[in-house]
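Breakdown of the fold
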Amino acid sequence: MKPAAVAFYGAALVLLAVGLRELLTGFEENRCSMTYMFEYPEYRRVALPRRVARLYPAYGLYLYGEGVYAQETRALKLTGTPVLFLPGNAGSYKQARSLGSVALRKAENMDGGMHLNVFTVDFNEELVALYGGSLVRQTHFLHECIKAILRLYKQHLKTPPQSVALVGHSMGGVVARALFTLPRFNPHLVSLIITQASPHMAPVLALDPYLLDFYDAVRQKWVYQANKLRNVTVLSVGGGYRDYQVRSGLTSLPCRPGDPNKLSLVVTAVPRTWVSTDHLSIVWCKELVLATVRAFFDLIDAETRQFTDSPERKLTVLNHHFIKHPVRMLRDVQNSSISILDVPEAWSEVNTLRLSYSTPKEGQLKYFLFALSSRRKAYSHFYCRSNNMEMSSWVFGCVHTNGSSCVRAVDLSMGTELLPPYKVLILSLSDLASVTHLVVSASNLNGKQFTVECEWQREESQTLSVSVPHVLSFGFTVSDVTVNSSGLLHNIQLLHFHQVYQAFRINVVSQCRVNRDRLPSVYRIRVSWFREDSFTTASVPSAAEISGMLHTSRPDDSSDVLLQLHTAPNCQYKVSLRTSFPKVLGQALRFCGPMVPVYTAVTLLLACGGQLSTILKSGRAADMSQTLGRGLQPHKINLPVYLLHILLSCSRFQEILSIISIPPEDTLPPTFPDGVLHERAESPEEWPHLLSPLLYLLGAAVAYWGSALLRFLIRLISLTLAPLHRPSVTRTCGTLRLRTQLLIGLCLTVTGWTSCGALAIFASSLLHLYRVLRLQMTERSLSHMLNLAPRKQKPAANGAVEAEPQSKSNELNGVPLLSESALQEVRDDLQLHLSLSVLLMLPVMLSAPSLIHWIRNLRFSTRLDPDPWWLHTVPLIFVYLLLINCNTLQLSNSRLLPVISCLPLPLAITMATFSSLHLYRVAYFLSAALVPLAFCCVL
């Protein structure tokens, strides 16, 4: 390896490592509380009809239970409200224990025996995120499970439930929405779906066409037939930045704009949760599970003891628990007018601009009265906060006063928001035309101490703007702003912060002149176009660092990102922003990670083309590291790809492509939230093309160091296998006879068609790998033998005798003597096959999910159905077998080589254009390059 190439690709590998480290670890620690089972969990299998059990032998339906409840439900005579949990990719049905256990504990405090019956489905832990052939089967089985669950209640209840609520984790949420694509499914059987970290927008990796066909069917149903599904309420919760498997932008629901029954949000914005979860902890995170269970119980109708059918009621409850949690409980009677106790000594009129009051230890009745008449012109808002998190009304609008006290008032507390340390209410004075005074209750009849802080505010004086640094400033440019906090709330607009590839480190340093106890400060990044708000709580004074990143890009008509500071009075806050290059790399991999394998394949394809060109010109094979080093050709790939992108964006050209059945340009999943997606579907984002040189560099680094690792492993394995083989000195070691090739090809073809195509491809790759190992052993043997071979003596210029190695090929008794030319031939063949082996490993890796799925289900079926690799089985098998006997001499003498050596470049350009999302298409382009090469070896 050349030192320059090693240094260059070493630096690229460092960039990749920094991005991966930021993607996998660059987030807050897990702050979720664990859910525990108070009694031993039991999973009682629910018997399904014989027809269903015969069609789906690998699947099952279970009822979750603990202790006494498990014994009471042994006969499956159920009286509760049914909830069905759906596991996701490689998920276990036992993951329902968190939801089921919390629901059982919650039911103990409910009146009238109201409770949930939590069911769970066993999908055999299938890898449905990588192999989409099982998704339709899972959807049909889910339909049978719902019918079986409802039949359990019809046997002994006069008014059995008519629907089941679904909770889907990961791909389980996508399967839940796919129910409505079934032709015989009754949409009234499911009226509520809650999904957790489910990639609704697009699959994370599309390794087979069945996965994308499944998504297309779901999208067609929920977008273009949305009017038929308005009675179905769907809530999608993303995990935040801790979930690096499914980014939260993908959890947005693709739906028609203005559909109020489809809600998408990130778990960091959920009241009383405020934490980020990884892909598994979102199932057992106690804060989120509590919000889900509370919502379920509030959705139960008191009369029918089943989930309500009212879409308005469902939307109200979900908004209450997942979006904006006011201080009034939903089941409380909300009167527009209330009476306040007329206790003169409990009233205090506030004439100052700010109130700060701490309750005493003794319980007392306390009200503060704020007059509106003298404040309407000078101020626009009234802000109040309290660290008393009790669910009770606390701010009122007075409509009838009696001196210094209020007699009749309206409750204004429903606009309260919960922040991590306290509750906050912001009232717009323009909405209070009929109110003469504001009343703040600071009563602590139970003796609990808390603090109340209120003030009058002018919105324009408390809003500042700052332009964020450019993404290529690499942290050297700082944008800062200083807030001299005379108030309790300040808003900072982050101008030009609207793209997902931007990432910043936001530092907030607070300083106070007087040290005394204060309520903590809360820093909130508020995103107007998607519910992905994040909260940071800091003591005063302190220095806090906030990660400024986005899950979705901004639509055209939305406002800027807002940094909201809930501050302490009479303190100074300095806010500074720097671009974080590691976080930018992490964002690039989070959103454009699927493009890195594509560019890895592009690099390997161009390296193979360079190897063929070298053989064509000199008849010799170049070193594999040199060909891979020359595989990085962004000027030959990125520029044509971008020109194709511009061409394919033209509407007239798209019509021509549709006529000749050429697919549209492959782009990354949209980063716009729900609703906006369909308005801008015809104008794809440009930023992935701007990042393509970086992604190409990272893909080339993977190809370079991956091939180096493969070369090292081949050397290591050849050393292990060398004692088991006789030394060989010819380039034909490891080759196969024609009859053997045909026999093996026929056997592998039959194996692929009757069992699994990926198995046949894997077996073929092992045969080629054996050829490479034999060449490696032969090259080592020849090198050692030539070092020990006798040398001729030739006179030197000064008359001395100089040793000369044996360089000509002779024969002794019909056996060829060793020569350097024979060694060179073996080395050329070895470099050729090393270059091919790296390229031939790509189909094996792409087909690995299908092979793993087939192995795990072998006890249920010996044939993979459907098989996404059956089309590639025969071409790739014979490519592997024909390339086994290939050598540099055959290639250099082939008449097809001049044409075939020109194929990799156009194929690489087309691959980068049409395979960034459809990764399974890489196999088609590889076959298009390898099949002619295989024929070149025999013609």
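A few points on the structure. (Residues numbered from 1 in each chain as written. Predicted model: local features only at pLDDT ≥ 70, side-chain atom pairs only at ≥ 80, totals over all residues. Heavy atoms only, no water.)

Quick word on helix 6 (residues 171–178)
In an α-helix, one full turn covers 3.6 residues, which means residues spaced three or four apart are oriented alike. Stated formally: Each residue's exposure class comes from its accessible area (1.4 Å probe, protein chains only) as a fraction of the maximum for that residue type: buried when under 20%, exposed when over 50%, partly exposed otherwise. Helix and strand assignments follow DSSP, with helices taken as H or I runs no shorter than four residues and strands as E runs no shorter than two, numbered in order from the N terminus. Should any heavy atoms of two residues lie within 4.5 Å, those residues are counted as being in contact.
For helix 6, the tally of buried residues reaches eight of eight residues, placing the bulk of the element in the interior. Three or more residues of helix 6 are buried, namely Met-171, Gly-172, Gly-173, Val-174, Val-175, Ala-176, Arg-177 and Ala-178. Buried residues in helix 6 make contact with strand 3 (81–86), helix 5 (135–154), strand 5 (165–169), strand 6 (192–196) and helix 7 (209–224).

Quick word on the packing of helix 17 (residues 687–721) against helix 20 (residues 820–856)
Each pair of packed helices can be described by the angle between their axes along with the distance between the axes. Here is the rule: For every element, the axis is a line fit to its C-alpha atoms; helices are fit only across the contacting stretch, and the angle between N-to-C directions ranges from 0 to 180 degrees. With the far helix as reference, a near helix turned anticlockwise by less than a right angle produces a left-handed crossing, and one turned clockwise produces a right-handed crossing. For this classification, the nonpolar set comprises Ala, Val, Leu, Ile, Met, Phe, Trp, Tyr, Cys and Pro, the charged set comprises Asp, Glu, Lys and Arg, and every other residue, Gly included, is treated as polar.
Two elements in contact, helix 17 and helix 20, have axes whose closest approach is 10 Å; the angle formed by their N-to-C orientations is 115°. Our pair here, helix 17 against helix 20, has a crossing hand that is right-handed. For the pair helix 17 and helix 20, the contacting residues are Ser-707, Leu-710, Arg-711 and Ile-714 in the first and Gln-831, Leu-834, Ser-837, Val-838 and Met-841 in the second. Here the contact of helix 17 with helix 20 is composed, by residue class, of five nonpolar, three polar and one charged.

Section: the side chain of Thr-600
Assignment of secondary structure puts Thr-600 in helix 12 (residues 595–618). Those residues in contact with Thr-600 that lie beyond four places of it in its chain are Gly-699, Val-702 and Ala-703.

Examining the sheet that holds strand 26 (residues 542–548)
Inclusion rule: Pairing between two strands requires that DSSP report at least two bridges joining them.
Here we have four strands laid out as an open sheet, ordered 21-28-23-26, and antiparallel in their pairing. Whereas interior strands pair on both sides, the edge strands pair on one side only; in this sheet they are strand 21 (478–485) and strand 26. Averaged over all adjacent pairs, the angle separating strand axes in this sheet is 15°, with direction ignored. Pairing between strand 23 (residues 504–512) and strand 28 (residues 571–579): nine bridges, direction antiparallel. Bridge pairing in strand 28 places Arg-505 opposite Arg-578.

Concerning the pairing of strand 4 (residues 116–122)
Stated formally: Look down the strands so they point away from you; if going from the first strand over the helix to the second traces a clockwise path, that crossover is right-handed.
Burial analysis of strand 4 places seven of its seven residues in the buried class, the great majority of the element. The alternating pattern of strand 4 places Leu-116, Val-118, Thr-120 and Asp-122 on one face and Asn-117, Phe-119 and Val-121 on the opposite face, and all of these are buried. Sheet analysis places strand 2 (residues 60–66) next to strand 4, joined by four bridges and oriented antiparallel. Each residue of the ladder has a partner; that of Leu-63, found in strand 4, is Phe-119. Note: strand 3 against strand 4, five bridges, orientation parallel. Looking at the pairing, Thr-81 lines up with Leu-116 of strand 4. Taking the sense of rotation as the criterion, the β-α-β connection linking strand 3, helix 4 (residues 97–107) and strand 4 turns out right-handed.

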